[in-house]
Amino acid sequence: MSAQGAPQGEERKRNRYDFDRHAPGYRERFVEITEEMQSRCPVAWSETHGGHWVVSGNTELFEIARSAEYLSNDHDVKGERRGYQGINIPYAKRGKGMRGGFLEMDPPEQRHYRQALNPYLSPAAIQRWIPFLDEVARACIDEKIEQGSIDFIDDLANVVPAVFTLAMMGIPLRNWTIYNEPAHAGVYTRPDSPEMPRVIEMHIAMMRDLAGQLADVRKNPRPGLVDALVHAEINGQTPPDDELLGVLALLIGGGFDTTTALTAHALEWLSENPGERDRLSRERDTLLDSATEEFLRFYTPAPGDGRTISADCELAGTEFKEGDRVWLSWAMANRDPSVFPEPHTVDLDRKGNRHNSFGLGIHRCIGSNVARTAFKRMLLQVLDRMPDYRCDPEGTVHYETIGVIQGMRQLPATFTPGKRLGPGLDETLETLQKVCDEQRLAEPVTVRTTRADIPR
């Protein structure tokens, strides 16, 4: 990847960089590429993937990402508007028949969906679920605590976000296994992989179950995000099922893999820095919040998003034309030394940490409270019950590319064995399903304000 000169007549694209976040080795060269782009061309033109702009500088990203009047997220799958291709660069041909929920919509549709879901996802709404989260994490750890070994991905970080997301949606908790593997494998599996046919089959099964849940909630109402969407009014109309399924798939994708990725990287770093791990455990009352934000900044689980320029404009000193594609790199902007001193170092008590890991502007992640809370509850239980854990670098498997999610597939660890505190995962999920049903936990915070009451 190297800077290049601009062809004659393309002066506006004079700052060029051969950028491909999907390329082999991009994860290993991330720091080098980021530093080079930020110093030479914080807004650069790349000929890769049909040609698109890449924004790596923090100041430039802040200006461009907040210019809603010039940016579009629209995925015009039916060719009814201007043919824009949503947030994926390169264009995700496999998903061209369905929009990626309200993340691939512009106002007013996008705003109506967020308004319908906010009462379920606000800070106060998520705080009600803490006893539920603690119980799921406790059961996951109890499955492994006596063995002295665990895979933090398979045995904890995949499970808790999946179960929690389904609980909020009003989908039976036992179905988490239907959704879990396709939600992750759909991100980390290369399109040319021999595994892709199996992944596609799992994804079809997941969408079939999701469609069944939508139909069942419509016929037999029960609280949750599915019910909120069934009764949502968008532009004065009830949305068609294919659009609602796109929104539900967005909630699945956003609720599963991003939180898993954040948790895995934090646990790996704390294993490599046991002194800081002990400090975080001791000073959790004052350090946990800032440490969470720092792990979010440093690892940026969702590294960026695409946009389409919707009108000719000049932003951040760059001339854009209508139809231009732009990649907003939250991950690179989070390493800008002009905003974050020593940006490539984890500082657990970093002050003024205004990172971009949940995006900026009108499309800022609606599930940020979910991710933060689930991460903290898992981390605290690991610190309490496995304080001396050591991850195994030889067995750790990172995603081959970090183009969509900066994640992991395996994170094995060993620790001093301990005692179980309660029943295993399957029995716990049966109990929690009854709690969800009887206490109507998935109602919006405007209806239910009390915390989950878990029987002991």
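Below is a summary of the structure that appears in this document. (Residues numbered from 1 in each chain as written. Predicted model: local features only at pLDDT ≥ 70, side-chain atom pairs only at ≥ 80, totals over all residues. Heavy atoms only, no water.)

What follows deals with the side chain of serine 310. Examined against the element boundaries, serine 310 turns out to sit in the loop between strand E7 (304-309) and strand E8 (313-315). When residues no more than four places from it in sequence are discounted, the contact partners of serine 310 are Glu69, Tyr70, Leu71, Ser72, Arg82, Tyr84 and Glu322. (Helix = DSSP H or I, 4+ residues; strand = E, 2+ residues; numbered from the N terminus. Contact = heavy atoms within 4.5 Å.)

Here the focus is unusual backbone geometry. Note that the residue after isoleucine 89, namely proline 90, is joined by a cis bond; omega there is 0 degrees. A cis amide bond links proline 107 with the next residue in sequence, proline 108, at an omega value of 5 degrees. Position of proline 108 relative to the elements: it lies in the loop between strand E5 (71-72) and helix H3 (109-121). In this model, threonine 300 sits at a positive phi of 35 degrees, which is unusual for a non-glycine residue. Note that threonine 300 resides in the loop between helix H13 (284-299) and E7. Unusually for a residue other than glycine, arginine 440 sits at a positive phi of about 50 degrees. Within the secondary structure, arginine 440 is located in the segment after helix H16 (425-439). Judged by relative accessible area, arginine 440 falls into the partly exposed class, the value being 38%. (Buried < 20%, exposed > 50% of the residue type's maximum accessible area, 1.4 Å probe, protein only.)

Position of arginine 284 relative to the elements: it lies in helix H13. The spacing of arginine 284 and proline 194 is 90 residues in sequence and 45 Å in space, taken between C-alpha atoms. Ignoring anything within four residues of it in the chain, the contact list for arginine 284 reads Leu380, Leu383 and Asp384. Engagement of the side chain of arginine 284 in a polar contact is seen with the side chain of aspartate 384, the distance being 2.7 Å. (Polar contact = N/O pair within 3.5 Å; in protein donor to acceptor, adjacent residues only side chain to side chain.)

According to the stated counting rule, one finds 14 aromatic pairs in the structure shown. Here tyrosine 26 and phenylalanine 30 contribute two aromatic rings whose centre-to-centre distance is 6.0 Å and whose plane-to-plane angle is 90 degrees, an arrangement assigned as edge-to-face. Ring centres of phenylalanine 102 and tyrosine 113 lie 6.1 Å apart, and the angle between their planes is 20 degrees; on these two criteria the pair is classed as stacked. Remark: tyrosine 113 occurs in helix H3 and phenylalanine 102 occurs in the loop between E5 and H3; sequence separation between them is 11 residues. Both residues of the pair, phenylalanine 102 and tyrosine 113, count as buried. Each member of the aromatic cluster is reached from another via a ring pair, and the members are Trp269, Phe295, Phe298, Tyr299 and Phe375. Lying over the aromatic face of tyrosine 389, arginine 277 brings its terminal NZ or CZ to 4.5 Å of the ring centre. Lying over the aromatic face of phenylalanine 298, arginine 335 brings its terminal NZ or CZ to 3.9 Å of the ring centre. (Phe/Tyr/Trp six-rings, centres within 6.5 Å; stacked < 30°, edge-to-face > 60°. Lys NZ or Arg CZ within 6 Å of the ring centre and 35° of its normal.)

Before going further, it helps to examine the environment of leucine 250. Turning to its location among the elements, leucine 250 is positioned in helix H11 (residues 241-272). In this structure the C-alpha to C-alpha distance between leucine 250 and phenylalanine 102, which are 148 residues apart in sequence, comes to 8.1 Å.

Let's shift gears to the nonpolar core. Judged by nonpolar contacts, the single largest core of 96 residues is most densely connected at Phe132, Phe152, Met169, Phe295 and Tyr389. Residue contacts for phenylalanine 132: discarding those within four places in its chain leaves Val163, Phe164, Ala167, Leu173, Leu432, Cys436, Leu441, Ala452 and Ile454. Counting residues in each nonpolar core, the second largest holds 17 residues, with Trp45, Leu61, Cys313 and Ala333 among its members. (Core = buried A, V, L, I, M, F, W, Y, C linked by side-chain atoms within 4.5 Å.)

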